[in-house]
Amino acid sequence: MTLLAESLPHDPSMRSSPTEMTRGNRNRCPVPGILYNTNTLESFHALDRESLLKAEAKKILEDICSGKVEEDSASLSRFLLISFADLKKWSFRYWFAFPALVLDPPATLLNLQPALEALNLEEAESLSAACNEWRNSSLTADIPFFLVSFASSSHATVRPLKDWEACQVDRQKLLFGFYDPCHLPNNPGWPLRNFLAFISLRWNMEKVRFLCYREKHGLADLGLSLVGEALISPPQAWRDPQCVPKAVGWELKRGKLAYRTINLAESMDPERLAVSAADLNLKLMRWRTLPSLNLNVLSGVRCLLLGAGTLGCQVARMLMAWGVRRITLLDSGRVAMSNPVRQSLYTFEDCLNGGDLKAVAAARSLKRIFPAVEAEGIKLAIPMPGHPVPAHEGDGVLDDCKHLQSLVASHDVIFLLTDTRESRWLPTLFCANLNKIAITTALGFDSYLVMRHGAGPLVCMSNSSTKVEDMSSVVAQVDASLTIVNFQSHIGPTMYSDTTWTCTNCFCTSSGTTGGNFTSSQRVVSEYRRRGMEFILQAINHPTYLEDLTGLTELMKSASSFKLDWDNETDDDDV
């Protein structure tokens, strides 16, 4: 093969010669040819296929006229391959051609029949033995074209093409044999075309008997092999050294002239390799801990993370580790110089020039860690109750509210990971109204809290001096566990345990039954459904509105008016 690659430097040492090829393998025959590999798809389409095919046909004709074919019969079967390799997408376009000289007038097939019918019993048995011996020899196993001579005693001998003159002296019965790759019972294989052209032009024969040699299970099979007879007449123009013969040979695709495409992205694309490795890790986790876990469900869960700080970074990575592939991060801040050392999705470069938007930088970092994740960062400040806004900013605040509402509606699980309680109120209201899964997570100096709204809170505290960053890792694991449990209907309630943390206060309440839980109370949700964004704007601009609506104001007044009678008496022992 001669490699003509536009993208590779010329290196004569890399080119192989026929003498360097390993001989004697009965499972293959050497076929010389040329590969044209183009750098662009446009160059691939612009190749002159007809000229390329004629050039290869001329090489075949020159080898016939020079006598090279008699020494190396493999030169009769050449190939041509044009290709374009798109290594970004691991897509390969290619088109094979096996040039065949066009006889004019065309050869006439007089008869074609199985070798067992064309030969007598002695000839058939001798031919089968001779072919097996030829194929088993390391010197002749891979020679694709040969002569078969029959002595008067019906003894068959397989000879190389260069023994033609010796066969003529003895006037022996002669067959021109070739290895036939075709399996059709009534059609000879493609190599016969050039073989007939060679016989006619080189030895001036007009009537030729040929053998299409075929095997079964590695041995000669004369029931499959064919013997035929053809009339041939080579064009006179072929004897002109400057002649460029007509040729055919471009491979068909579904009966039409067209190139073929093979896509190796699944096995070669680095991103898909990363997906495959991550999926394998998840399957191992499922095998070891939870065989009933449905990984396909988790990959389709859409998670919205409100807050891209210490908690947001840890929860995002933990969700991704458990197979969640669709994550949206929402934050209005920018990456500060103090963030990268505590928040795992940011680097020093994110802090430069005033700092990148935290949500955008976090989403970008997730894609760098795992390119298959669908991560999006959104800059949005969450409106908070009791934080009045000027009249000229009212429309903008309402737009933010509507945007947040649409985000909540389009996601399956909403994580409340912001720094303040006030910023959690509005998304919790939207979740309660739309019946979405809302998970609140908060960190203190010596405690953390994880709570799914509507299913009861889980409060875990620790008196240890462990750093906030370590607590965030544990909390992220709890968040991921809650998400998994909520989307695995066949998994019952589970107890999260961790040897580092001690749960000192755990309590469960139903949604709307706690006086202070006015966010999810029926009164607040009903008022929101009745008044819509007008209700939200009033809650934002009037600090006591929600307290009045939920009865918290009255509760505080009654608590203030409650009097305690203190016992002022002292024990007799006290002096």
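Everything quoted here is computed from the prediction, not taken from an experiment.

A closer look at the packing of helix α13 (residues 394-409) against helix α14 (residues 422-434)
The interhelical angle for the contact between α13 and α14, taken along N-to-C directions, is 50°, at an axis separation of 10 Å. Classified by the angle between their axes, α13 and α14 sit oblique to one another. Two packed elements cross with a definite hand, and for α13 against α14 that hand is right-handed. Across the interface between the two elements, C401, L404, Q405, V408 and A409 of α13 pack against L426, P427, F430, C431 and L434 of α14. Broken down by class, the residue content of the contact of α13 with α14 amounts to nine nonpolar, one polar and no charged.

Comments concerning the nonpolar core
One finds F176, F195 and F198 to be the most contacted residues of the largest nonpolar core, which totals 44 residues. Broken down by element, this core gets its largest block of residues, eight residues, from helix α7 (residues 192-203). Leave out the neighbours within four places in its chain, and F195 touches L76, F145, F146, L161, F176, G177 and F178. Judged by nonpolar contacts, the second largest core, of 35 residues, contains A308, V324, V413 and Y448.

A few points about unusual backbone geometry
Keep in mind that most residues, glycine aside, have a negative phi and that most peptide bonds are trans. Going from D104 to P105, the amide bond is cis rather than trans, its omega being 10°. Position of P105 among the secondary structure elements: in the loop between β4 (91-101) and β5 (108-114). The phi dihedral of W90 is positive, around 55°, even though this residue is not glycine. For W90, the position within the fold is in the loop between β3 (79-86) and β4.

Notes on the confidence of the model for the protein
When pLDDT is averaged across the protein, the result is 82; 82% of the residues are at 70 or more. Within the protein, the lowest mean pLDDT, 46, falls on strand β1 (residues 2-5), and the highest, 96, falls on strand β18 (residues 326-331). Scored below 50 in pLDDT, residues 14-23 makes 11 contacts in the model with residues more than four places away or belonging to other chains. Every residue in residues 490-520 scores below 50 in pLDDT, and together they form 52 contacts with partners more than four places removed in sequence or on other chains.

Describing the pairing of strand β2 (residues 33-38)
Burial analysis of β2 places five of its six residues in the buried class, the great majority of the element. Here six bridges tie β2 to β3, and the two strands are oriented parallel to one another. Considered in β3, the bridge of G33 is made with F79.

Comments concerning the packing of aromatic side chains
Applying the stated rule across the entire model yields 21 aromatic pairs. Here F44 and Y259 contribute two aromatic rings whose centre-to-centre distance is 5.3 Å and whose plane-to-plane angle is 85°, an arrangement assigned as edge-to-face. In this pair, F44 sits in helix α1 (residues 41-46) while Y259 sits in the loop between β15 (256-257) and β16 (260-263), placing the two residues 215 residues apart along the sequence. On the numbers, 6.3 Å between centres and 55° between planes, the contact of W425 with F535 is tilted. Linking W425 in helix α14 with F535 in helix α17 (residues 533-541), this pair joins segments that are 110 residues apart in sequence. For W425, a relative accessible area of 4% gives the class buried. Among the aromatic residues, those joined into a ring-pair cluster are F145, W164, F176, F178, F195, F198 and W203. For R135, the ring lying beneath its charged end belongs to Y179, and the centroid distance is 4.7 Å.

So, the pattern of salt bridges
Per the stated rule, a full pass over the model turns up 18 salt bridges. Two residues, R302 and D412, come together in a salt bridge whose shortest N-O distance is 2.9 Å. Of this pair, R302 sits in strand β17 (residues 302-306) while D412 sits in the loop between α13 and β20 (413-416), and the two are 110 residues apart along the sequence. One salt bridge connects R530 with E527, and the closest N-O pair in it is separated by 2.6 Å. Residue R530 and its partner E527 are both found in helix α16 (residues 522-531); the two are separated by three residues, about one turn of the helix.

Details of the sheet that holds strand β6 (residues 145-150)
The six strands lie next to each other as β5-β12-β9-β8-β6-β7, forming an open sheet whose pairing is mixed. Edge positions in the open sheet fall to β5 and β7 (156-159), since each of these has one partner strand only. Across this sheet, the average inter-strand angle for adjacent strands is 25°, counted without regard to direction. Strand direction decides the pairing type here: β5 and strand β12 (residues 226-231), joined by six bridges, are antiparallel. Considered in β12, the bridge of T108 is made with L231. Contacting β6, β7, β8 (173-179) and β9 (207-213), helix α5 (residues 121-136) runs over the sheet at an angle of about 30° to β7. Strands β6, β8, β9 and β12 of the sheet are contacted by α7, whose axis makes an angle of about 140° with β8.

Quick word on the environment of S299
Looking at the element boundaries, S299 is found in helix α10 (residues 295-299). S299 gets classed as partly exposed once you look at its relative accessible area, which sits at 30%. In the structure, S299 is positioned 21 residues away from M320 in sequence and 9.0 Å away in space, judged by C-alpha atoms. If sequence neighbours within four positions are ignored, S299 has contacts with G323, R325 and R326. A polar contact of 2.8 Å, which involves the side chain of S299, links it to the backbone oxygen of N296.

Here we look at α5
Across its 16 residues, α5 extends 23 Å between first and last C-alpha, which sits within 8% of the 22 Å expected from 1.5 Å per residue. Taken residue by residue, α5 has E123, A124, S126, L127, S128, A130, C131, N132, W134 and R135 as its buried positions. At the N-terminal boundary of α5, the capping side chain belongs to N120, with an oxygen 3.2 Å from the backbone nitrogen of E122.

Looking at a nonpolar patch on the surface
On the surface, F98, W190 and V248 cluster together to form a nonpolar patch covering roughly 250 Å² of accessible area. Relative to the helices and strands, F98 resides in strand β4.

A word on the packing of α13 against α17
One can describe the packing of α13 onto α17 by two numbers: an axis separation of 11 Å at closest approach and a directional angle of 120°. It follows from the interaxial angle that α13 and α17 lie oblique. When the axes of α13 and α17 are compared, the crossing they make is right-handed. For the pair α13 and α17, the contacting residues are V397, L398, C401, K402 and Q405 in the first and M533, I536, L537 and I540 in the second. Within the contact of α13 with α17, the residues separate by chemical class into seven nonpolar, one polar and one charged.

Definitions and limits used
Residues numbered from 1 in each chain as written. Predicted model: local features only at pLDDT ≥ 70, side-chain atom pairs only at ≥ 80, totals over all residues. Heavy atoms only, no water. Axes fitted to C-alpha atoms, helices over the stretch in contact; angles between N-to-C directions. Helix = DSSP H or I, 4+ residues; strand = E, 2+ residues; numbered from the N terminus. Parallel < 35°, antiparallel > 145°, perpendicular 65-115°, else oblique. Left-handed = near helix turned anticlockwise from the far one by under 90°. Contact = heavy atoms within 4.5 Å. Nonpolar A, V, L, I, M, F, W, Y, C, P; charged D, E, K, R; others polar. Core = buried A, V, L, I, M, F, W, Y, C linked by side-chain atoms within 4.5 Å. Buried < 20%, exposed > 50% of the residue type's maximum accessible area, 1.4 Å probe, protein only. pLDDT = per-residue confidence, 0-100. Pairing = 2+ DSSP bridges. Phe/Tyr/Trp six-rings, centres within 6.5 Å; stacked < 30°, edge-to-face > 60°. Lys NZ or Arg CZ within 6 Å of the ring centre and 35° of its normal. Salt bridge = Lys/Arg side-chain N within 4 Å of Asp/Glu carboxyl O. Polar contact = N/O pair within 3.5 Å; in protein donor to acceptor, adjacent residues only side chain to side chain. Expected span 1.5 Å × (residues − 1). Patch = residues over 30% accessible without salt bridge, like charges linked within 9 Å, V, L, I, M, F, W, Y side chains within 5 Å. Areas by Shrake-Rupley, 256 points an atom, 1.4 Å probe, with all protein chains shown as cover.

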